[in-house]
Protein chains: 2
Amino acid sequence: MAAEVTVAVDAHGADLGPGEVAAGALLAAQRTGVRVLLFGPAGALTGSLVGAGGASGLVEIRDAPVSVAKEADPARAVRNARDASIVQAAQAVAAGEADALVCGGSTGAALAAGLFHIKRARGIVRPALALPIPVPGSPVLLLDVGANAEVRAEHLVQFAHMGAAFAASVLRIADPRVALLSNGEEATRGTTAVIEAHERLSGALAPRGLNFVGNVEGTGLVEGAADVVVCDGFTGNVALKLMEGVSGTLMRAIRERARSSRRATVGGALLRPALRQLRDELDPEGHGGAYLLGLRRLGIVCHGRFTRLGYASAIEVARQGVREQAVDRTLQALAAAGALRRPPAGVAASEPAASVPVQG
Amino acid sequence: MAAEVTVAVDAHGADLGPGEVAAGALLAAQRTGVRVLLFGPAGALTGSLVGAGGASGLVEIRDAPVSVAKEADPARAVRNARDASIVQAAQAVAAGEADALVCGGSTGAALAAGLFHIKRARGIVRPALALPIPVPGSPVLLLDVGANAEVRAEHLVQFAHMGAAFAASVLRIADPRVALLSNGEEATRGTTAVIEAHERLSGALAPRGLNFVGNVEGTGLVEGAADVVVCDGFTGNVALKLMEGVSGTLMRAIRERARSSRRATVGGALLRPALRQLRDELDPEGHGGAYLLGLRRLGIVCHGRFTRLGYASAIEVARQGVREQAVDRTLQALAAAGALRRPPAGVAASEPAASVPVQG
């Protein structure tokens, strides 16, 4: 089977260790024929691939024993530790050896590696981190969830296009509804940046090809009011952690109540299989993690607690993104909408890398 | 029984109508001896107090049939409709006829009425809306939840003191732990305003008497990491609606699963009483609504869907705030911390009202 897509994977950063990442890579290769370059401690990785059978030929180990996953400031570590596994993986993508990057643990390290090595796509001002929120029914793509604590309207407009193009091409959501997250549905509600972005995305200025549905509030985010929800990285990160917190707290409280009496205990036991199914449906591993959009190549950041299943999903989503030319389609959509930043004559498109805020 | 505290209540704005608000006022009067000035349509209000027995003497009806509750822009309506019930109630507080304001429905109208009639307390730059979040265990006071979409560090610092003083005096939380909501726990994480507020609240600059515990993330907000959590009104409003959305969506999904099979149906029925108890514990009506802090008098805003029980709680919380001198204690704490804005010589303390953003 000839591998059509190659994904570079950082084997460090998973709570369960590099062997679990290797197992995920193998699983993705077996299921889809994707080729994986696996950057991590060769000894441990080789051990976990031994006896894996046919597909193991698709997983190629590159010895990279240095990890920045536990650094207090992973973004700084990425700048300093040139031999770190995540840096080597990003460099393989930058050099064209691989088509996309998958890494786990620190989004700060992933962002830094992406920005410094894969680099921003031409005309993109700020890359964003997009996360599929597992709501019952269809997932909602929320971006930015932490790459940019403060944004201007111009950034939000680009995020809207980046999210829509990714949702259509990779998540296979036809004509995705795009909304701005705000503190009210009216066009006049929100921060200055949100209000200005709303103006640029609607009315006479509305870009063709973008299905902008206006503002959604926090309730709308989880009630399916839009397929792609756009916000600054501060609000997105707070929202994301809050959703985790509320569902965790509520599920714990329900479990506690289900032990509060004999009657409740029996009820809880009978209800358990149905609730387990719900939990699986809401499981974030199925969507492969957060997508790093706006670079020259696609990047995917797995949660540190992902198992091999989550890593396999991430690698498969990366493969899908490459096959569907998600990056090119995003840039075409932005160009058609006039939302790419044009470089002044004689100046490179990107802002200097040093001005990009990267957060650990 | 001599009434020691008088609360002005706007009877418009409740989904269940003015009669329900009157019933709530009566309940509060019966339980605590509070005196209530009830502003609304005299006919309907009188009807619902008929035959109410002893405490009805404590509830005094002021005919105010004009409502701004259903206006598209309630803040503007408050400025224009001088005879509106909410305006009359706020004016009664401003004139010293009543000690605190309780109203329901639109927070925009409440804010506008508070700002234009009760007015900001001297040295307060921006009033804030504070909401007790019903998490299992002790409630968390979140502010601002919508009065100020954009803030500076100075505002966040004042919110921290206002929230702490209110939590200590009215919610009876001893030495409340105060945190900033952010996208990371480190002091370097957040927007420019959050990072600067963190500097002003910690280290060598830390105000005495304020138990500042640093930043909390979205998860920390619902997991009891702090008693008072401070943020801008945009983030606070998104967070609030998101919490409502996530718990609602999750509870609906669980109810659906509990009907997915015969086994699950039996389990759900057995578990129901225990879960109902949890629902009651998480019921926002118990805390009376959102608190409007930073005015010369205390204001409380009930949710439009509150029943008489929620209104009674709100009136009782207002009474408690007056008895505990919450406003004075807040200003004393701010003065002791040097966090009151001092007016330039010869200039009034308040910014011109026109510069205060009021949102519908």
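All figures in this text were calculated on a predicted structure; none of them were measured in a lab.

**Here we look at the interface of chain A and chain B**
Each partner contributes residues to the interface: chain A has 56 residues there, and chain B has 56 residues. A combined buried area of about 4,900 Å² lies between chain A and chain B, and 68% of that area is made up of carbon and sulfur atoms. Looking at the side of chain A facing chain B, the largest losses of area belong to Phe234, Leu242 and Arg257 of chain A, adding up to 14% of the total buried there. Counting the contacts that link chain A with chain B gives four salt bridges. For Glu217 of chain B, the salt bridge goes to Lys241 of chain A, with nearest N and O atoms at 2.2 Å. The interface formed by chain A and chain B holds 10 residue pairs in polar contact (both at pLDDT 80 or more) in total. When residues of the side of chain A that touches chain B are traced back to their parent elements, those giving at least two are helix H7 (192-201), helix H8 (218-222), helix H9 (233-257) and helix H10 (262-281) of chain A. No other element matches H9 of chain A, which puts 19 residues into the side of chain A that touches chain B. In the side of chain A that touches chain B, the residues fall into 27 nonpolar, 18 polar and 11 charged.

**Notes on the domain arrangement of chain A**
All names here are of chain A. If you check the domain split of chain A, you get domain 1 (1-127 + 294-360) and domain 2 (131-284). Computed from C-alpha coordinates alone, the two centres of domain 1 and domain 2 are separated by 24 Å. For the pair domain 1 and domain 2, the two sides together bury roughly 2,000 Å², of which 56% comes from carbon and sulfur. For the pair domain 1 and domain 2, the number of links is two salt bridges. Ionic pairing is found between Glu324 and Arg172, a salt bridge with its closest N-O pair at 3.4 Å. On inspection of domain 1 and its partner domain 2, the count reaches eight residue pairs in polar contact (both at pLDDT 80 or more). Broken down by element, the side of domain 1 that touches domain 2 gets its largest block of residues, five residues, from helix H12 (residues 326-336). For the side of domain 1 that touches domain 2, the per-class residue count stands at 14 nonpolar, seven polar and six charged.

**Here we look at the pattern of salt bridges**
In total, this model carries 34 salt bridges over all chains according to the counting rule given. With a closest N to O distance of 2.8 Å, Glu196 of chain A and Arg200 of chain A form a salt bridge. One end of the pair is Glu196 of chain A and the other is Arg200 of chain A, both in helix H7 and four residues apart, which spans about a single turn. Relative accessible area serves as the criterion here: at 33%, Glu196 of chain A is assigned to the partly exposed category. By relative accessible area, Arg200 of chain A is classed as partly exposed at 35%. Of the charged contacts, one joins Arg35 of chain B and Glu60 of chain B as a salt bridge, the two residues approaching to 3.0 Å between their closest N and O atoms. Pair noted here: Arg35 of chain B is in strand S2 (residues 35-40) and Glu60 of chain B is in strand S3 (residues 59-63), with a separation of 25 residues, a long-range link. Judged by its relative accessible area of 29%, Glu60 of chain B is partly exposed. Each member of the salt-bridge network shares a partner with another, and the members are Arg35, Glu60, Arg62 and Glu97 of chain A.

**Topic: the side chain of Thr330 of chain B**
All names here are of chain B. Here Thr330 lies in helix H12 (residues 326-336). A relative accessible area of 10% places Thr330 in the buried class. Those residues in contact with Thr330, other than ones at most four positions away along the chain, are His161, Met162 and Ala165.

**A few points about unusual backbone geometry**
The phi angle of most residues is negative, glycine excepted, and most peptide bonds adopt the trans form. Note the cis peptide between Leu143 of chain A and Asp144 of chain A, where omega equals 5°. Following the sequence through the fold, Asp144 of chain A ends up in the loop between strand S6 (140-143) and helix H6 (153-169). Non-glycine residue Arg172 of chain B carries a positive phi angle of around 60°. Its location among the elements puts Arg172 of chain B in the loop between helix H6 (153-169) and strand S7 (177-181). With a phi close to 45°, Asp175 of chain B is a non-glycine residue in the positive phi region. Note that Asp175 of chain B resides in the loop between H6 and S7.

Here is what the cut-offs are and how they apply
Residues numbered from 1 in each chain as written. Chains lettered and ligands numbered in written order. Predicted model: local features only at pLDDT ≥ 70, side-chain atom pairs only at ≥ 80, totals over all residues. Heavy atoms only, no water. Contact = heavy atoms within 4.5 Å. Buried area = accessible area lost by both parts, 1.4 Å probe. Salt bridge = Lys/Arg side-chain N within 4 Å of Asp/Glu carboxyl O. Polar contact = N/O pair within 3.5 Å; in protein donor to acceptor, adjacent residues only side chain to side chain. Helix = DSSP H or I, 4+ residues; strand = E, 2+ residues; numbered from the N terminus. Nonpolar A, V, L, I, M, F, W, Y, C, P; charged D, E, K, R; others polar. Domains from an automatic or database assignment. Buried < 20%, exposed > 50% of the residue type's maximum accessible area, 1.4 Å probe, protein only.

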